[in-house]
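This is what each chain is made of:
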Amino acid sequence: MTGEILAPEDAIRCDACPVACFIKPGRAGACDRYGNKDGKLVRLDPHVILERSLAQGAEAVAFLGNAKDWDGTLVRGPEHFVTAIGAGTTYPDYKPAPFIVSSKFDGVDMVTVVTEGIFSYCGVKVKIDTDRYIGAERSLVRADGEAVGHVTTSEYGSQMLSLGGVHHLTGGSRKQGTATCETLLSLCNGKEVGLTVDGASLLIAAGKPPAIDGNLEERMRVGCGSATIGIFARQWAGKVDEVVVVDDHITGVLSEHQAGKVLDTAPTGIKIAGRRSTAGRYFQVAEPGTSWGGTNITDPLSIIKGFNAKVAWPGLRLLMVSTTGEQFAYFELDEALHPVEKELPQSLRESVDRIRENCEPAMTSVLFMCGAGGSLRAGVTENPVRLTRSIKEKITRVTCGGAPAYIWPGGGITLMVDVTRMPANSFGYVPTPAIVAPIEFTLPVEAYRAMGGHMDCIRPLADVIADENQQKIAMRAENPWPLTTAGGKP
Ligand code: SF4
């Protein structure tokens, strides 16, 4: 027998996502985003409006084109931008977006269409500024024991994670999908998240230094071992005979490196473990690890296989240093050409300090990535492909909570946004599971008409910003005003 689920008495049914909660009076639905207030379905969080004051770059103008209560002064008040945070969704999307707002910018009539998108196809790319080994590429990343992503190709001075994605959200068990959704939600909202990779533990939050196996990372390396030789070679000239910069990827050796040759550094006959790539650049000198230069060595001499007796000489001065300057050791060769550790001379301490000084603070960066090229577009226009084309042609500008979004080339609307440039707690979730993220499309009104936009749903900005349950916050100084480049302007 088939039949409809009957609503409990007094409950109303939320239609803002596929879960379709029944919500009793005074209660919230499963996602805590919608509630039953006096028999009405309401969005519980305030709707976020960005404000830009003159101090932040708004221009003074002689006439008030977009304010309804001009008081006669020559300068208008703060400009406003209606974000999608707290705006609500339009599931199943054939309805127009919750807010389609007209405003004037730079003499042009503009439209901003805002909606909270429900994204099953989404994830985060995480950049962790560290050389420390956190697991082999393609290793699974786990939260609460569930696979939520993997270690991906490392970048210059950073380890990278790719978390979430439709397979982790929908392709495994419910527990895995929930763990993935919770991990994404926390990272996107700037909260700290504990993850494990092959037994290593990570504690990360967007915009904060990462902790790896309980150790807070302070410095991002100055460069690879070879780059460090290139940067500091001149500062070592005459003060030391040989420098080895230990790095898991490319260990640099001053006397053999092109920079050393140009500075007439004499050969030292040093023999280094690993595979010689090009002059003064060695790969695989040790195993990856969490010690010197992202290797597993704790004794730097373990990567030195000796000195050629025909070239080296007693008293030869050797500096070994890591790519962050956090580890260093100074040696002089004895009569048998064995390195003997000595106190680091003051003249070399300055260069080690300089390496440390040149390291940037280690940070965790989180970019939210999602596909907005699906049904969400129907809330913007009756002819969705025209929205996609308009974005590609840079007529429509895409922002997330007012923060600029990078749109990938190729098909669809695949975007990335730095979550630290968005207002706090911009993200939500629904238990399908999927992430709810704000998205705004801004374009000239004539372009909106031409793409088949929902013209009859446009509301003037002045009306929208008079609504109740709003939170007005200052736009972030680092973000361009969202209307600035919409319409194909530079
Ligand atoms: S989970 Fe949230 S959005 Fe989905 S139906 Fe329930 S209250 Fe509405």
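Since we're looking at a predicted model, the values are computed, not measured.

S.K.: Could you clarify how one ought to interpret the confidence of the model for the chain in this entry?
M.R.: Detail in the predicted coordinates should be disregarded across regions flagged by low pLDDT. In the predicted model, the chain carries a mean pLDDT of 92, and the fraction of residues at 70 or more is 93%. Contacts of residues 62-67 to residues separated by more than four positions or lying in other chains number nine contacts, the stretch itself having pLDDT below 50. A low-confidence stretch, residues 70-75 stays under pLDDT 50, and its non-local contacts, those more than four residues away or across chains, total eight contacts.

S.K.: Looking at this structure, how should I read the sheet that holds strand E29 (residues 406-407)?
M.R.: The pairing of strands in a sheet happens through backbone hydrogen bonds and is either parallel or antiparallel. Spatially, 11 strands are ordered E16-E15-E14-E13-E10-E11-E12-E9-E26-E30-E29 in an open sheet, and the strand pairing comes out antiparallel. Single-partner strands in this sheet number two, and they are strand E16 (215-216) and E29. Here strand E10 (residues 140-143) runs beside strand E11 (residues 146-155); their pairing, made up of four bridges, is antiparallel. The residue bridging Leu140 from the neighbouring strand is His150, located in E11.

S.K.: What should I look at first to understand the sheet that holds strand E17 (residues 242-246) in this one?
M.R.: On the basis of which strands lie adjacent, the open sheet formed by seven strands has the order E20-E21-E18-E17-E23-E24-E25 and mixed pairing. Both edges of this open sheet fall to strand E20 (275-278) and strand E25 (339-342), since each of them pairs with a single strand only. The sheet shows a mean angle of 30° between the axes of neighbouring strands, taken without regard to direction. Pairing of strand E23 (residues 317-322) with strand E24 (residues 328-333), which is carried by five bridges, proceeds in the antiparallel orientation. Considered in E24, the bridge of Val321 is made with Phe328. Along the sheet, helix H3 (residues 225-236) contacts E17, strand E18 (251-253), strand E21 (281-283) and E23; its crossing angle with E17, the most-contacted strand, is approximately 150°. Sheet strands in contact with helix H5 (residues 346-357) are E23 and E24, and its direction is about 15° off that of E23.

S.K.: So what exactly am I meant to see when it comes to helix H2 (residues 174-188) here?
M.R.: For H2, spanning 15 residues, the distance from its first C-alpha to its last is 21 Å, which sits close to the expected 21 Å at 1.5 Å a residue. Regarding H2, the residues found buried are Gln176, Gly177, Ala179, Thr180, Cys181, Thr183, Leu184, Leu185, Leu187 and Cys188. Gly190, located one to two residues past H2, shows a positive phi value of around 80°.

S.K.: Help me understand unusual backbone geometry, please; the structure alone is not making it clear to me.
M.R.: Leave glycine aside and you will find that most residues have negative phi; peptide bonds, for their part, are mostly trans. The residue after Thr432, namely Pro433, is reached through a cis peptide bond having omega 0°. By the element assignment, Pro433 lies in the loop between strand E31 (428-430) and strand E32 (434-444). Backbone geometry places Asp213, a non-glycine residue, at a positive phi of 50°. Within the secondary structure, Asp213 sits in the loop between strand E15 (211-212) and E16. Despite not being glycine, Leu337 shows a phi value in the positive range, around 65°. The topology assignment puts Leu337 in the loop between E24 and E25.

Rules used throughout
- Residues numbered from 1 in each chain as written.
- Predicted model: local features only at pLDDT ≥ 70, side-chain atom pairs only at ≥ 80, totals over all residues.
- Heavy atoms only, no water.
- pLDDT = per-residue confidence, 0-100.
- Contact = heavy atoms within 4.5 Å.
- Pairing = 2+ DSSP bridges.
- Helix = DSSP H or I, 4+ residues; strand = E, 2+ residues; numbered from the N terminus.
- Axes fitted to C-alpha atoms, helices over the stretch in contact; angles between N-to-C directions.
- Expected span 1.5 Å × (residues − 1).
- Buried < 20%, exposed > 50% of the residue type's maximum accessible area, 1.4 Å probe, protein only.

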